[in-house]
Structures are given as structure tokens and as C-alpha cells.
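Residues per chain, in single letters:
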Amino acid sequence: MRKLILKIGWFSIPIVVFCGAIELFYRFVPNDYSVKHATIPSKFKNTEVLIFGNSHTFYGLNPHYFDRPTFNLAFVSQTLYFDKLLFDTYISKFQNLKCVILHIEYTSLSELVATKENNWRKYYYRYYLKLNVPSISKFDIRKYSLATTRTINFNTKLMVQYCKEGSIVNCDSNGFGIDYTPEKSIKIEKKDALKRVENVEDHLMDFTENYNRIQSMITTCNKRGIKVIILNMPVTTYFSEAVNQTKLKKIQKTCSEIAQQNKNVTYLNLFQNRTFIADDFYDVDHLNTNGAKKCSLLVNRFLNAYLGN
């Protein structure tokens, strides 16, 4: 028995060392979440425009092309649940905020708290951004160990990427995602749009919870004299035609109603804006960096007209 225990012990050492290395990697190597958390305090005094949303605004709205000091607080796969957690945590710290951009995409209003995409990301919000995330149980081991949030295969690939490139950070100092370049763009094809829609479709039409989250943020902004833009980002024709048109109409109707019911809110719908062509897109529903410049300049003009320049 003693020999067996010793053998198990010796066999376990490499596994323990590897897991420890992964844990240290996650805790000390900068990523988008930790970089934004470190950057945010320097933005509290001067930022006038704050952008929320998921990958569509993370990669699609570049603060560099806004006339007013702007910070992008979007993250990949960020739901309205996390938009609101970030909003509630940071909004009172921005001293000169004039406008909040709330991005509403095809899945935003129907996304639940617990989704496949944020199943591991929620631990990043807790650890890197210091958010209190109610959806994480106190008995969840992943709350205490980042190494357990992803698969060993993914962890290994991420560490290899860091060794090769020297960084896993994909955003600049203004929070904008910089790696969806035209050179990396994927050929726009209808079959990819159909597959993408199939992957994101949740078949839910109840928007109540997320409507309430949006309204809560709007009410807070109104009390502070902050304007709000509800924004639908542009997508390719293939994608816009592939989505459930009944659901799309309900989404756009809901956005319009929110704007009509709140004096500090306006609605900008770019979802089917045909000034964006295939060359502007990274894939069927995300802009590349060139498309992001085009979109940012457009939103900036709208913003200036809305706020009064």
C-alpha cells in the first residue's frame, strides 16, 4: 500500500505542477479583462462616452474616431446581464459622462443569465474586474481557481500562443478590439451566415428580464443627466436575411418603444444599413477594423448631432 501511495504521489507531481503553472498564468499574464480593469480608473475623469456591448461593439466601435473622449467597455459575448453589472459598478465613478451607448444585437434581449458563452467568462468578470457576480455559487470551485474554468486543451493552446506572440491581449488602451483586421477577414458566404444564425438562435421571445435591465440603466442615466443611444450594429445581408424576421421586428419595435418612452434615449438602427459592404466585415456579422472605422465615424456624427456639438 505504501508503495502504491508513493507511485500515485510521484505520478501526481507533474499534474500538480502543470495545473499550478496554468493558475499562475491566468493570475499574472495580462488579458483583455485585466487590462481594461487596470485602465478604467484613468478614464474616470475625462470620458464623455461609454460603450457597452459584446463582440460587435468590442470590434466595431473604435473610440479613436470619436470626437469626444470615449471608452469601450464591451467584451466578447458580453450579455446585458454583465453590461448591467459593469454599469452598476462603474457608472458613478465617471465624472464627466455625457452619453452611454447600449448595444442591442439579435440575441441581446432574449439571452438568459446562464449561457454557454458566459459559463466560463463569469469567473473572469469576478476575478479580473472585481465584480460581484450573483450567478456564481459560493460552492463553485471555479470561483477560486481560474485554471479550472477552461479545458486543459484550451489552456495549453493559450499558453503556447502567449509564448509565441508574447501577449494574449486583443484590445488597445481605449478598450477597442484590434485583431479583426481585413487581412484576417473570412470570405462572406451565405452558408456561413446560415450556420452562424443557427448557432446563436435561442428561440426565445420573452424580453422581460433584459428589458428591465435596460430600463434600470436608462433611469440611472436620466437621474445623472446622461443621454443614452440604443444601437443595433451592422451585419451582412446574408445574416440579416437569415434571422427570424418575426423576432427581428419585435427587437426593433422594443428598441423604438424604449426610445419613445424615455426622454434621454434615442435609437440608431444600423442592422440592415446597406452602406456597409462585404469588405467592411470580418465575418458575416462582425466588422473588421476598416469597417469599424466607417461605423465609428457614422456613430460619432449621430452622437454629435444628438448631444449638440
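Now for a quick tour of the structure. (Residues numbered from 1 in each chain as written. Predicted model: local features only at pLDDT ≥ 70, side-chain atom pairs only at ≥ 80, totals over all residues. Heavy atoms only, no water.)

1. With respect to the packing of helix α2 (residues 32-39) against helix α5 (residues 121-128)
Consideration 1: Contact geometry of α2 with α5 gives a least axis separation of 9 Å together with a crossing angle of 30°. The angle between α2 and α5 places the two elements in the roughly parallel class. Viewed along their axes, α2 and α5 form a crossing whose handedness is right-handed. Here Tyr33, Ser34 and His37 of α2 lie close against α5, whose contacting residues are Arg121, Tyr124, Tyr125 and Tyr128. (Axes fitted to C-alpha atoms, helices over the stretch in contact; angles between N-to-C directions. Helix = DSSP H or I, 4+ residues; strand = E, 2+ residues; numbered from the N terminus. Parallel < 35°, antiparallel > 145°, perpendicular 65-115°, else oblique. Left-handed = near helix turned anticlockwise from the far one by under 90°. Contact = heavy atoms within 4.5 Å.)

2. Focus on the pairing of strand β3 (residues 99-103)
Consideration 1: Counting buried positions along β3 gives five out of five residues, so the element sits mostly inside the fold.
Consideration 2: By the alternation rule, side chains of β3 split into Cys99, Ile101 and His103 and Val100 and Leu102, which are all buried.
Consideration 3: Note that strand β1 (residues 49-51) and β3 share three bridges and pair parallel. Residue pairing in the sheet places Ile51 in a bridge with Ile101 of β3.
Consideration 4: In the sheet, β3 pairs with strand β4 (residues 227-232) via five bridges, with the strands oriented parallel. Paired with Cys99 across the bridge in β4 is Lys227. (Buried < 20%, exposed > 50% of the residue type's maximum accessible area, 1.4 Å probe, protein only. Pairing = 2+ DSSP bridges.)

3. Describing the environment of Tyr106
Consideration 1: Along the polypeptide, Tyr106 turns up in the loop between β3 and α5.
Consideration 2: Owing to a relative accessible area of 2%, Tyr106 belongs among the buried residues under this scheme.
Consideration 3: Non-local contacts of Tyr106, meaning those with residues more than four positions away in its chain, are made with Glu201, Val243, Asn244, Lys247, Leu248 and Ile251.
Consideration 4: Side-chain polar atoms of Tyr106 contact the backbone nitrogen of Asn244, separated by 3.2 Å. (Polar contact = N/O pair within 3.5 Å; in protein donor to acceptor, adjacent residues only side chain to side chain.)

4. Brief notes about the nonpolar core
Consideration 1: By size, the foremost hydrophobic cluster in this structure holds 63 residues, and its most contacted members are Leu50, Leu86, Val100, Tyr125, Ile214 and Ile230.
Consideration 2: Other than its neighbours up to four places away in sequence, Val100 contacts Leu50, Phe52, Phe87, Ile91, Cys221, Ile226, Lys227, Val228 and Ile229.
Consideration 3: Formed by 18 residues, the second largest nonpolar core is a distinct cluster that contains Phe66, Cys99, Leu270 and Phe281. (Core = buried A, V, L, I, M, F, W, Y, C linked by side-chain atoms within 4.5 Å.)

5. Some words on the packing of helix α8 (residues 208-223) against helix α10 (residues 245-261)
Consideration 1: Contact geometry of α8 with α10 gives a least axis separation of 12 Å together with a crossing angle of 30°. Considering their axes alone, α8 and α10 lie roughly parallel with respect to each other. In terms of crossing hand, the pair formed by α8 and α10 is right-handed. Judged by residue contacts, Tyr211, Ile214 and Ile218 of α8 engage Thr254, Ile258 and Gln261 from α10.

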